[in-house]
Amino acid sequence: MLDFLGDLQRTHMCGELRASDADSKVVLMGWVNKRRDLGNLIFLDLRDRSGITQAVITADAGAEVHDRATAVRSEFVVAVIGYTKLREPNTVNKNIPTGEIEVVADELRILNDCKPLPFSPSDTVLANEEVRLKYRYIDLRRPELHRNIELRHQVAIAIRDHLNAQGFYEIETPFMTRSTPEGARDYLVPSRVYPGEFYALPQSPQLFKQILMISGFDKYFQIVRCFRDEDLRADRQPEFTQIDLEISFPRPETVFRVVEGFLKAAFSTIGVELQTPFPQMSYDQAIRLYGIDKPDLRLPAMADVRAAFARENLESLHVDPELPVLAIVIPRVGDLSRKERDELRLLYPARLAQQNIKVLDDTRRLEKSFPQSIPKVRELSGAGTEDYLVIVAAGTVSFGDGNEGQKPPTGGEVGGSYRSGSGAAGNVPSGLSRLSMRERQIFEGAGQVRLALAQKFADRHRLFERKGTGDDYKLLWVTDFPMFEWDETEQRWNAAHHPFTSPHEQDMDKLESDPGAVRALAYDVVLNGTELGSGSIRIHRQDIQAKIFKALGMSPEEQQARFGFFLEALQYGTPPHGGIALGLDRIVMILAGAESLREVIPFPKTAKAVDLMVDAPTPVSERQLKELGIAVVGKKDL
């Protein structure tokens, strides 16, 4: 028989009691984590969000209390009233903070029972993830998820407090707005009042936060839910939370200092002191040194070691001597057997072979053939004798034009969507440097090999072992992205960031003559190879906005149809402004050391955008559809 709570109030949380609380009368309430029946003694591990305390029911409590304890099972909700006492030294549980004390119960109330569980929150072996998501309310009882959700709360509070101290206003922007599709698809919301017309859920508050700058609010932020109807990946969710901010009259460095400040506050919640300011690297440098625009600085950069080989040596290896020869170094791996190298080759992207990009990984054989070259390669790349060394280069087999696609209107060299690199680090040209399609493939292919090897060796060789300090987290600003990307299918330029991103002032004269060479005042903040956020300085002048739209091939009619309200707002005294948005879910995932975003979001969707707990999405009634003026067609009709 279940009991009512009545006027009973708990005196302590289950994880609060310590040895200093001995000989106190207490009332604890929570879930039964485990029950152990020793006949005259029954032990209940009582759990709430703060932790676990052991309660003991002895024969002295009386037959009624003992019978109730006998009826209790895992995950029953109970109240225990009794006195605390110190445990005997040989029974102290050093694995929990309350392990020196226990509660001797003289009353037990069963507030609710629990049907047989699909899995137990106390299980050490996790249930299938789909089962866990279907019964998310049980899964969320696990201490690991409680810690993750608590951490999420602490991070959000730390960020809010920091931004408030810096003079930012937290301002809410609408969830129901107009559709302005850019990249990912919008989630559409039909209007019953206006049949055939739709609101859209925001992919970001981009235009509204810019309008707030036009409105004179100067410093805005919001921890906001956003929505994208896109194909999902392990690190994506259809609804997600971002830290969104905008500032009037900034330079990029203004935004950098604000972000560094609130990230420093966020990381302090796990006791990590970040070193600021974060280093900066141009997009060009990132591609040249890492083969990717979100480099992981925990591994050495790639090095062009072509100078280590004589031309005839490269030709004998069927390597093109006119193109980069890149060395990749993975630290502390040691020498590998032939079998191990064969297994590693399965990790290399298949398209490298299709693009005739060679991966030379048997350095022992190479050193026998070229005894002077490999030591020089090690010198140029900084590779030690215990480091794993791989060389990536272009093969000399004919490379067909079929793989290159059609060139953008800038001629034989490409920037933009072919996002190219610069010269050597520290010697960055004033505009985007140009790589041929072939050069780009080599740098990006080598970058993929570098990441594949790092992931393979990460656990086995403890490459990324955490020390609990700021050195575990390599943060970086990547700047000077291309303004435009070339769309092979549409044969036109697209905005690489969004069409309201400002170009570099020095590159304005190239907007019409050479769009691929235009750099954007755009920037990303990257952590250990993961993009945390992306932002830019915005266009605040209508004449420049018109040039950007023209470069994008957008007609005046299309501009008005998609962005008319915003273009009009720009005409009413718009200040220079810029901002950024960072993914809160991703930040918390990294701080928690979790493998998936689903481990730090209370109610996530599956990889197929399904909520298994509430069974959504689902069909709606014909009556609802009729009210909205919507007819549903089958998949075969789409």
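Residues numbered from 1 in each chain as written. Predicted model: local features only at pLDDT ≥ 70, side-chain atom pairs only at ≥ 80, totals over all residues. Heavy atoms only, no water.

(A) Looking closely at unusual backbone geometry. Across the junction of Thr276 and Pro277, the peptide omega takes the value 0°, indicating a cis bond. Relative to the helices and strands, Pro277 resides in the loop between helix H6 (252-267) and strand E11 (280-282). In this structure, Arg332 takes a positive phi of about 60° despite not being glycine. Mapped onto the elements of the fold, Arg332 is located in the loop between strand E13 (325-330) and helix H9 (338-345). Here Arg332 falls in the partly exposed class, since its relative accessible area comes to 49%. Backbone geometry at Asp480 places phi at a positive 55°, although glycine is not the residue there. (Helix = DSSP H or I, 4+ residues; strand = E, 2+ residues; numbered from the N terminus. Buried < 20%, exposed > 50% of the residue type's maximum accessible area, 1.4 Å probe, protein only.)

(B) A look at a nonpolar patch on the surface. On the surface, Phe175, Met176 and Tyr199 cluster together to form a nonpolar patch covering roughly 280 Å² of accessible area. Residue placement: Phe175 occurs in the loop between strand E6 (169-170) and strand E7 (187-190). (Patch = residues over 30% accessible without salt bridge, like charges linked within 9 Å, V, L, I, M, F, W, Y side chains within 5 Å. Areas by Shrake-Rupley, 256 points an atom, 1.4 Å probe, with all protein chains shown as cover. Salt bridge = Lys/Arg side-chain N within 4 Å of Asp/Glu carboxyl O.)

(C) Spatial organisation of the sheet that holds E11. Read from one edge to the other, the open sheet built from 8 strands follows the order E6-E9-E10-E21-E20-E19-E16-E11, with strand pairing classed as mixed. This sheet does not close on itself; its edge strands, each paired only once, are E6 and E11. Judged from the 5 bridges that link them, strand E20 (residues 530-537) and strand E21 (residues 577-583) form a sheet pairing that is antiparallel. Bridging across to E21, Ser534 finds its partner in Ala581. Along the sheet face, helix H7 (residues 283-290) touches E11 and strand E16 (475-479) and points at about 85° away from the line of E11. (Pairing = 2+ DSSP bridges. Contact = heavy atoms within 4.5 Å. Axes fitted to C-alpha atoms, helices over the stretch in contact; angles between N-to-C directions.)

(D) Local environment of helix H15 (residues 556-569). Relative to the 20 Å expected for 14 residues at 1.5 Å per residue, H15 spans just 16 Å between its end C-alpha atoms, considerably shorter than the ideal helical length. At Phe563, H15 shows its maximal kink, close to 95°. Every buried residue of H15 is listed here: Gln559, Phe563, Gly564, Phe566, Leu567 and Ala569. Where H15 is buried, its residues meet helix H5 (206-214) and helix H14 (542-551). (Expected span 1.5 Å × (residues − 1). Bend = angle between axes of the 7 residues up to and from the residue.)

(E) View of the sheet that holds strand E1 (residues 25-37). Strand order around the closed barrel formed by 5 strands is E1-E2-E3-E5-E4, with mixed pairing between neighbours. In this sheet, adjacent strand axes meet at a mean angle of 55° when their direction is disregarded. Summarising the sheet, strand E4 (residues 77-86) and strand E5 (residues 101-112) pair through 10 bridges and their orientation is antiparallel. In the sheet register, Ile81 faces E5, and the bridge partner there is Glu107. Here helix H1 (residues 63-71) sits on the sheet and contacts E1, strand E2 (42-48), strand E3 (51-57) and E5; the angle it forms with E5, its principal contact strand, is near 75°.

(F) Examining the pairing of E16 more closely. Summarising burial for E16: 5 of the 5 residues are buried, a large majority. Where burial is concerned, the two faces of E16 agree: the one with Leu475, Trp477 and Thr479 and the one with Leu476 and Val478 are both buried. Sheet analysis places E11 next to E16, joined by 3 bridges and oriented parallel. Bridge assignment links Ser282 to a residue of E16, and that residue is Thr479. Two elements, E16 and strand E19 (residues 522-527), share 5 bridges in a ladder whose sense is antiparallel. Bridge pairing links Trp477 to Val525 in E19.

(G) Fine view of the nonpolar core. One finds Tyr388, Leu453 and Phe484 to be the most contacted residues of the largest nonpolar core, which totals 58 residues. In terms of residues, this core owes the most to one element, helix H13 (residues 437-460), which gives 7 residues. Other than its neighbours up to four places away in sequence, Tyr388 contacts Ile328, Val329, Ile330, Val333, Leu336, Arg341, Leu344, Tyr348, Asp361, Leu453 and Phe457. (Core = buried A, V, L, I, M, F, W, Y, C linked by side-chain atoms within 4.5 Å.)

(H) Fine view of the packing of aromatic side chains. For the structure shown, the criterion picks out 16 aromatic pairs. With a centroid separation of 5.0 Å and 75° between ring planes, the pair formed by Phe267 and Tyr473 is classed as edge-to-face. Of this pair, Phe267 sits in helix H6 while Tyr473 sits in the loop between H13 and E16, and the two are 206 residues apart along the sequence. Phe267 gets classed as buried once you look at its relative accessible area, which sits at 0%. (Phe/Tyr/Trp six-rings, centres within 6.5 Å; stacked < 30°, edge-to-face > 60°.)

(I) Region of interest: helix H16 (residues 584-592). Within H16, 8 of the 9 residues are buried, which leaves the element mostly enclosed by the surrounding structure. Along H16, the positions that sit buried rather than exposed are Leu584, Asp585, Arg586, Ile587, Val588, Met589, Ile590 and Leu591.

(J) Quick look at the environment of Ile539. Structurally, Ile539 can be placed in the loop between E20 and H14. Of the residues examined, Ile539 reaches a relative accessible area of 2% and is grouped as buried. Considered as a pair, Ile539 and Pro238 are 301 residues apart in the sequence and their alpha carbons are 29 Å apart. In contact with Ile539, not counting residues within four places along its chain, are Gln210, Pro499, Phe500, Thr501, Ser502, Pro503, Ile544, Gln545, Ile548, Leu570 and His577.

(K) Main features of the layout of surface pockets. When its volume is computed, the second largest pocket comes out at roughly 1,200 Å³. Lining the second largest pocket are 27 residues, and of these Tyr187, Leu188, Asp229, Pro617 and Thr618 sit closest to its centre. For the lining of the second largest pocket, the secondary structure elements donating two or more residues are E7, strand E8 (198-201) and helix H17 (622-628). Here the residues of the lining of the second largest pocket sort into 20 nonpolar, 1 polar and 6 charged. (1 Å grid on protein atoms, 1.4 Å probe; cavity = no way out; pocket = protein on both sides within 12 Å on 5 of 7 lines; lining within 4 Å. Points joined across faces, edges and corners; volume = space filled by probe spheres on them. Nonpolar A, V, L, I, M, F, W, Y, C, P; charged D, E, K, R; others polar.)

(L) Structural context of the pairing of strand E10 (residues 239-248). In terms of residue burial, E10 counts as a mostly covered element, since 9 of its 10 residues are buried. Taken together, the 9 bridges between strand E9 (residues 219-227) and E10 define a ladder with antiparallel strand orientation. Across the sheet, the residue bridging to Lys219 is Ile247, located in E10.

(M) Structural view of the confidence of the model for the protein. Looking at the protein, pLDDT values average 89 and 91% of them are 70 or higher. Here residues 398-430 is a poorly scored stretch, pLDDT under 50, and it has 81 contacts once near neighbours within four places are set aside; other chains count. (pLDDT = per-residue confidence, 0-100.)

(N) Region of interest: the pattern of salt bridges. For the structure shown, the criterion picks out 39 salt bridges. Residues Glu230 and Arg236 are paired through a salt bridge, measuring 3.2 Å at the closest nitrogen-oxygen approach. A relative accessible area of 25% places Arg236 in the partly exposed class. Where salt bridges share partners, they join Arg132, Arg136, Asp139, Arg142, Glu144 and Glu599 into one cluster.

(O) Highlighting the environment of Thr177. If you trace the backbone, Thr177 turns up in the loop between E6 and E7. Thr177 sits in the buried class, given a relative accessible area of 16%. As for Thr177 and Pro205, which are separated by 28 residues in sequence, their C-alpha atoms are 9.7 Å apart.

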